[in-house]
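Chain residues, written in single-letter form:
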Amino acid sequence: MVMMAVALLLELGSAQGPPPPRTIRTIVTPWFYNRLLAAVPGRCSGKRLYTYNAFILAAESFAGFGTTGTNVTRKREMAAFLANVMHETGSLCYTREIRPQSRYCSPSAMQYRCVPGESYYGRGPLQLTWNYNYGAAGRYLSLNLLRNPDLVAQNGIVSFKTAVWFWMVNSRCHSGITTGRGFGSTIRAINGGECGGGRPNAVKSRVEFYLRFCREFGVTPGPNIYC
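Criteria and cut-off values
Residues numbered from 1 in each chain as written. Predicted model: local features only at pLDDT ≥ 70, side-chain atom pairs only at ≥ 80, totals over all residues. Heavy atoms only, no water. Axes fitted to C-alpha atoms, helices over the stretch in contact; angles between N-to-C directions. Helix = DSSP H or I, 4+ residues; strand = E, 2+ residues; numbered from the N terminus. Parallel < 35°, antiparallel > 145°, perpendicular 65-115°, else oblique. Left-handed = near helix turned anticlockwise from the far one by under 90°. Contact = heavy atoms within 4.5 Å. 1 Å grid on protein atoms, 1.4 Å probe; cavity = no way out; pocket = protein on both sides within 12 Å on 5 of 7 lines; lining within 4 Å. Points joined across faces, edges and corners; volume = space filled by probe spheres on them. Nonpolar A, V, L, I, M, F, W, Y, C, P; charged D, E, K, R; others polar. Disulfide = S-S within 2.5 Å. Buried < 20%, exposed > 50% of the residue type's maximum accessible area, 1.4 Å probe, protein only.

Overview of the packing of helix H5 (residues 71–88) against helix H7 (residues 156–168)
And then number 1: One way to put it is that H5 packs onto H7 with a least axis distance of 12 Å and a crossing angle of 125°. Comparing their axes, H7 and H5 come out oblique. H5 and H7 meet at a crossing whose hand is right-handed. Across the interface between the two elements, Glu 77, Ala 80, Phe 81 and Asn 84 of H5 pack against Ala 163, Val 164, Trp 167 and Met 168 of H7.

In structure tokens, the structure reads:
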């Protein structure tokens, strides 16, 4: 009887199949995210662009984003990403850089030549900037962002995809968190000019968001949170 019971349990276990794939939805829930969005003033363009669905659809199109490593690592990565987004967008308010100083067109980036009349100032959750970043992101996403850079400020899914592309593909943000180099490494990857005393208030802003989200996700922030 004991052998039969064990066999039945094994059969039931195998019938259930493999465990469900990891998802960031269990970390960044609609309740959590929409609470952030509810605090955004109605005048902000980000309130309409940076929706939960846009974030999730973009995030889940990149393997490993928020699903790599232990639950602690996964939560730290989501806290780190959202902390940088909150800083860059003024708490999900802005979709475009305020008072851009130039067209952000680098003539030396011959592979991604600027389109006449277009500007490549910061747009989106991580403020994608420069023609070479728009060009590279567009190539990866099969979109012509050199010809239509403002799509990053108009389409929520595209907007978040450029941010996750930068995080996962074009920088060491993802590996910085998953290999234990700490939150400070993401600041250095996104805007290294802030580090080493360059813009201490900006670093402080990012870190405060990160610590807040770590608390809300129930994890410690880990080492090297400053840069």
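Now, onward.
Observations regarding the layout of surface pockets
And then number 1: Approximately 510 Å³ is the volume attributed to the largest pocket.
And then number 2: The greatest single-element share of the lining of the largest pocket, amounting to four residues, is contributed by H7.
And then number 3: When its residues are assigned to classes, the lining of the largest pocket shows 10 nonpolar, 10 polar and six charged.

Considering unusual backbone geometry
And then number 1: Positive phi, normally seen in glycine, also occurs at Leu 92, with a value near 70°.
And then number 2: Here Leu 92 is to be found in the loop between H5 and helix H6 (131–141).
And then number 3: The phi dihedral of Ser 142 falls on the positive side, at around 60°, and the residue is not glycine.
And then number 4: In this fold, Ser 142 is placed in the loop between H6 and H7.

Some details on the state of the cysteines
In a disulfide, the sulfur atoms of two cysteines are held together by a covalent bond.
And then number 1: Scanning all chains against the criterion turns up three disulfides.
And then number 2: A disulfide bridge connects Cys 44 with Cys 93, and the sulfur atoms are separated by 2.1 Å. Across the S-S bond of Cys 44 and Cys 93 the torsion is about -80°, and the bridge reads as left-handed. Separated by 49 residues along the polypeptide, Cys 44 in the loop between helix H2 (30–38) and helix H3 (46–49) and Cys 93 in the loop between H5 and H6 bring together distant segments of the chain.
And then number 3: Look at Cys 93 and you get buried, because its relative accessible area is 5%.
And then number 4: A sulfur-sulfur distance of 2.1 Å marks the disulfide that ties Cys 195 to Cys 227. Disulfide Cys 195 to Cys 227: torsion about the S-S bond roughly -90°, handedness left-handed. Pair noted here: Cys 195 is in the loop between helix H9 (183–191) and helix H10 (200–217) and Cys 227 is in the segment after H10, with a separation of 32 residues, a long-range link.

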